[in-house]
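Analysis of the macromolecular model
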Amino acid sequence: EPEVTQTPSHQVTQMGQEVILRCVPISNHLYFYWYRQILGQKVEFLVSFYNNEISEKSEIFDDQFSVERPDGSNFTLKIRSTKLEDSAMYFCASRFSDYGYTFGSGTRLTVV
Amino acid sequence: AQRVTQPEKLLSVFKGAPVELKCNYSYSGSPELFWYVQYSRQRLQLLLRHISRESIKGFTADLNKGETSFHLKKPFAQEEDSAMYYCALKRAGNTPLVFGKGTRLSVIA
């Protein structure tokens, strides 16, 4: 069964540093998403991406965040200057049309 | 704005007992409702979607628009059902999922 792949599985970074979280969505999927889950809290929507542009973003997705699909296969989330409160699990998801979302296994980001 | 409420953070049941994981939502339109499951250290997996009206791993969920609920049920819990369960709502169109806080189900042998 096709999977959404996320790398790395765990990233530790110093406060103020830039991080890039990578995702390879399922190849024929058209819609891409990033979610995050702070420890002990619910899964929160960050951003959705379709047709090479952001289609919707939440209040969490401020100017520190950006997304790219640089080569038609990877889908990246960049945090320019990490803060302690950015520590969370970050999940990538993709879907094709009206089918269910397929989630990756997540990247645990720890900001120290 | 839409909201999904899962009132129980933790639910413990004995093996073989019935299970009901509660989910209530608030949304003025016609939502699409989902249940996702996350086993220990694994990814979120789609368990059910209301439009499919199917039973997966013995679980069922019925959308009750009058009560704005989408409770997940299983008549006989198994130990392998122990996991985090998330209820999620989606508006029409290319819109993101909105998740509840999740319920941890623990099935005791």
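In this report, the structure presented in the accompanying data block is examined. As the structure is a prediction and not an experimental result, all values here were calculated from the model.

Let us now look at the state of the cysteines. Residues and elements named next belong to chain A. For the structure shown, the criterion picks out 2 disulfides over all chains. Across a sulfur-sulfur distance of 1.9 Å, cysteine 23 and cysteine 92 are joined as a disulfide pair. Since a negative S-S torsion denotes a left-handed disulfide, the cysteine 23-cysteine 92 link at about -65 degrees is left-handed. With cysteine 23 in strand 3 (residues 19–24) and cysteine 92 in strand 9 (residues 88–95), this residue pair connects regions lying 69 residues apart in the sequence.

Another aspect to go through is the packing of aromatic side chains. If you walk through the whole model with that rule in mind, you get 17 aromatic pairs over all chains. Measuring from centroid to centroid gives 6.4 Å for A:Tyr33 and A:Tyr35, while their planes differ by 40 degrees, and the two rings are tilted. According to the relative accessible area criterion, A:Tyr33 is buried, its value standing at 0%. Overall, the relative accessible area of 0% leaves A:Tyr35 in the buried class. Taken together, a centroid distance of 5.7 Å and an interplanar angle of 65 degrees make the contact between A:Tyr35 and A:Phe45 edge-to-face. Taken as a pair, A:Tyr35 in strand 4 (residues 31–37) and A:Phe45 in strand 5 (residues 43–50) lie far apart in primary sequence, 10 residues in all. The exposure classification of A:Tyr35 matches that of A:Phe45, with both residues buried. Ring pairing ties together the aromatic residues A:Tyr33, A:Tyr35, A:Phe45, A:Tyr101, A:Phe103, B:Phe34, B:Tyr36, B:Tyr86 and B:Phe99, which thus form one cluster. Over the aromatic face of A:Tyr31 sits the side chain of A:Arg95, whose NZ or CZ is 4.4 Å from the ring centroid.

Residue and element names in this part refer to chain A. Here 4 strands make up an open sheet; going across it, the order is 1-3-8-7 and the pairing antiparallel. Each of the sheet's edge strands pairs with one partner strand only, and the pair in question is strand 1 (5–7) and strand 7 (65–68). Looking at each pair of strands side by side, their axes are set apart by 20 degrees on average, direction ignored. As paired strands, strand 7 and strand 8 (residues 75–79) are joined by 4 bridges and run antiparallel to one another. Residue pairing in the sheet places phenylalanine 65 in a bridge with isoleucine 79 of strand 8.

Counting residues in hydrophobic clusters, the biggest one holds 25 residues, and the most contacted among them are B:Trp35, B:Leu47, B:Leu72 and B:Tyr85. Within the residue set of this core, elements represented by two or more residues are strand 2 (10–14), strand 3 (19–21), strand 5 (32–38), strand 6 (45–49), strand 9 (83–90) and strand 11 (103–108) of chain B. Here this core gets 4 residues from one element, more than from any other, and that element is strand 9 of chain B. Counting 22 residues, the second largest nonpolar core, distinct from the first, contains A:Cys23, A:Ile60, A:Val67 and A:Leu109.

In this section: the pairing of strand 3 of chain A. Residues and elements named next belong to chain A. Here strand 3 shows a clear split, with Val19, Leu21 and Cys23 buried on one side and none of Ile20, Arg22 and Val24 buried on the other. By the bridge criterion, 3 bridges tie strand 1 to strand 3 in an arrangement that is antiparallel. Bridge pairing links glutamine 6 to cysteine 23 in strand 3. Here 5 bridges tie strand 3 to strand 8, and the two strands are oriented antiparallel to one another. Bridge assignment links cysteine 23 to a residue of strand 8, and that residue is phenylalanine 75.

Cut-offs used in this document
Residues numbered from 1 in each chain as written. Chains lettered and ligands numbered in written order. Predicted model: local features only at pLDDT ≥ 70, side-chain atom pairs only at ≥ 80, totals over all residues. Heavy atoms only, no water. Disulfide = S-S within 2.5 Å. Helix = DSSP H or I, 4+ residues; strand = E, 2+ residues; numbered from the N terminus. Phe/Tyr/Trp six-rings, centres within 6.5 Å; stacked < 30°, edge-to-face > 60°. Buried < 20%, exposed > 50% of the residue type's maximum accessible area, 1.4 Å probe, protein only. Lys NZ or Arg CZ within 6 Å of the ring centre and 35° of its normal. Pairing = 2+ DSSP bridges. Axes fitted to C-alpha atoms, helices over the stretch in contact; angles between N-to-C directions. Core = buried A, V, L, I, M, F, W, Y, C linked by side-chain atoms within 4.5 Å.

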